[in-house]
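Observations on chain architecture
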Amino acid sequence: MADRVTVIGWDGSPLTRAATAALSAATLVAGAAHHLALNEVPPGAERIRLGSIDLAARRIAGHRGSAVVLADGDPGFFGVVRSLRAPEHGLEVEVVPAVSAVATAFARAGMPWEDAQTVVAHPRTLRRAVNVCRAHHKVAVLTSPGAGPAELALLLEGVHRTFVICEELGTAREQVTVVTSDAAADHVWRDPNVVIVIGGGPEQQAEGAWIAGRHPAYPRGVRGWALPADAYPGTEPKSGEGEAPGLRAAQLARLGPRTGDLLWDIGSGSGALAVEAARFGAAVLAVDSDPEACARTAAAARDFGVQLQVVEGRAPHVLERLPEPDVVRIGGGGVPVVTAVADRRPERIVTHASTRDEAEALGGALTENGYKVACSLLQSVELDTSAWSERERSVVFLLSALRSDLAP
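Below or above, wherever it landed, is the structure these notes cover. Everything numeric here is computed off the predicted structure, so don't read it as measured data.

Details of a nonpolar patch on the surface
- Together, V381, L383 and W388 make up a nonpolar patch on the protein surface, roughly 310 Å² of accessible area in all.
- Structurally, L383 is set in strand β16 (residues 371–384).
- Given a relative accessible area of 38%, L383 falls into the partly exposed group.

The following block contains the structure:
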């Protein structure tokens, strides 16, 4: 094992005294081509061009002497430190950090960033990174070849955002460009780059903020979910079994929407479930054929300060042009809509039925399309606590479906 392993961050500025001392004593230096070209790299040191971190770690583990790994920005923030410290390599490292690429990008943009989400986009994780950009007003995207600004813009089609694209930060070729998301798709961008994605509403005020990544305040002082109908603007108190808070709570529990997911809410109605899913951090497409319902959903999103996209159209036809969902709530439409949704292969689907026959038909369609189905009969009774008498009763069948390849 190497006698000493030092990981040095580089942001284009002169190396610190500690970094220079570690590098001058190195007998092995690993890094990208532009790192290995630095004048401070000892001429006699063995040089490894970083491709696979695992391969480099094995070389370092077998080296006798002092090893240095050079990396851009802060190597402890989505960097090489985690890989080098993995149990299979057993390397203990010292870290000399530089300013992270994300911090530099926001500094170039002149923007605060404690309220920003940070995601890494690889071809395999690009869709989830895009969903975070759909759901949040400020996101820093650490890109990679095949998952850069153009690819982000293409998958955000129909969602207006502003891109601040920071190319080759810290080098003589550094360039910062501000474009709209639709224009970003028509350009070839240089690697490496960081994209700040902004939009979807006014910048949140961070007075009294104490946690990074998302504003901690509850909208209008509201805490909890499965809120009553009167919490949503324009919703009638008796708006149908599909809007019942108890049913909504059960549906959200079975869907489990989370950051990085895309949820379809088909038949969004008041927008209550769409808004509450967005409050969990998921990206949401709220679909309804009724223009008034679409307006109510958009108003509820504004009222609660969340980002979601409203799509006016009738299912199942409107679903053909929507991006792939992770989880779906179906508020109506029967077997044709259930079948169309199942064809898109989301992980989880929930819907409801008024009668046992309707529940059996919907469950059969889901089973035939490769889902493991569970059905519960939910009954809730609202009481008037002034007289402890029954005010309203709701009885509904809840169907939840899990894609068969994910079922235990």
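So, the sheet that holds strand β2 (residues 28–31)
- Read across the open sheet, the five strands follow the order β3-β2-β4-β1-β5; overall the sheet is parallel. Strand pairing shows two members of the sheet lacking a second neighbour, β3 (46–49) and β5 (94–96), which therefore form its edges. Neighbour to neighbour, the strand axes of the sheet diverge by 20° on average, direction disregarded.
- Pairing analysis gives three bridges linking strand β1 (residues 4–10) to β5, with the strands arranged parallel. For T6, the partnering residue across the bridge sits in β5 and is E94.
- Strands in contact with helix α1 (residues 17–24) are β1, β2, β4 (66–72) and β5; relative to β1, the strand with the most contacts, it is inclined by about 135°.
- Its contacts with the sheet place helix α3 (residues 53–61) against β1, β2, β3 and β4, and it is angled at close to 160° to β3.

A few points about the packing of aromatic side chains
- Applying the stated criterion across every chain, the model contains four aromatic pairs.
- Relative to F78, the ring of F77 lies with its centre 5.0 Å away and its plane at 70°, an arrangement referred to as edge-to-face.
- Overall, F77 belongs to the partly exposed group, its relative accessible area being 31%.
- The exposure class assigned to F78 is exposed, which follows from its relative accessible area of 52%.

Describing unusual backbone geometry
- Cis geometry is adopted by the peptide bond preceding P192, which originates at D191 and carries an omega value of -5°.
- Positionally, P192 belongs in the loop between α8 (181–184) and β10 (193–198).
- In the segment running from A315 into P316, the intervening peptide bond is cis, with an omega of 10°.
- Relative to the assigned elements, P316 resides in the loop between β13 (309–312) and β14 (327–330).
- Non-glycine residue R345 carries a positive phi angle of around 60°.
- Locating R345 in the fold gives a position in the loop between α12 (334–343) and β15 (348–353).
- According to the relative accessible area criterion, R345 is partly exposed, its value standing at 34%.
- Its identity is not glycine, yet W388 carries a phi of approximately 50°, on the positive side.
- Among the residues examined, W388 registers a relative accessible area of 61% and is labelled exposed.

Details of the packing of α12 against helix α13 (residues 356–368)
- Remark: α12 packs on α13, axes separated minimally by 9 Å, with the N-to-C direction vectors making an angle of 25°. When the axis of α12 is compared with that of α13, the two are roughly parallel. At the point where α12 passes α13, the crossing takes the right-handed sense. Across from G334, V335, V338 and T339 in α12, the residues of α13 making contact are A361, L362, A365 and L366.
- In the contact of α12 with α13, the residues fall into six nonpolar, two polar and no charged.

Definitions and cut-offs
- Residues numbered from 1 in each chain as written.
- Predicted model: local features only at pLDDT ≥ 70, side-chain atom pairs only at ≥ 80, totals over all residues.
- Heavy atoms only, no water.
- Patch = residues over 30% accessible without salt bridge, like charges linked within 9 Å, V, L, I, M, F, W, Y side chains within 5 Å.
- Areas by Shrake-Rupley, 256 points an atom, 1.4 Å probe, with all protein chains shown as cover.
- Salt bridge = Lys/Arg side-chain N within 4 Å of Asp/Glu carboxyl O.
- Helix = DSSP H or I, 4+ residues; strand = E, 2+ residues; numbered from the N terminus.
- Buried < 20%, exposed > 50% of the residue type's maximum accessible area, 1.4 Å probe, protein only.
- Pairing = 2+ DSSP bridges.
- Axes fitted to C-alpha atoms, helices over the stretch in contact; angles between N-to-C directions.
- Contact = heavy atoms within 4.5 Å.
- Phe/Tyr/Trp six-rings, centres within 6.5 Å; stacked < 30°, edge-to-face > 60°.
- Parallel < 35°, antiparallel > 145°, perpendicular 65-115°, else oblique.
- Left-handed = near helix turned anticlockwise from the far one by under 90°.
- Nonpolar A, V, L, I, M, F, W, Y, C, P; charged D, E, K, R; others polar.

So yeah, pure geometry; function would need other evidence.
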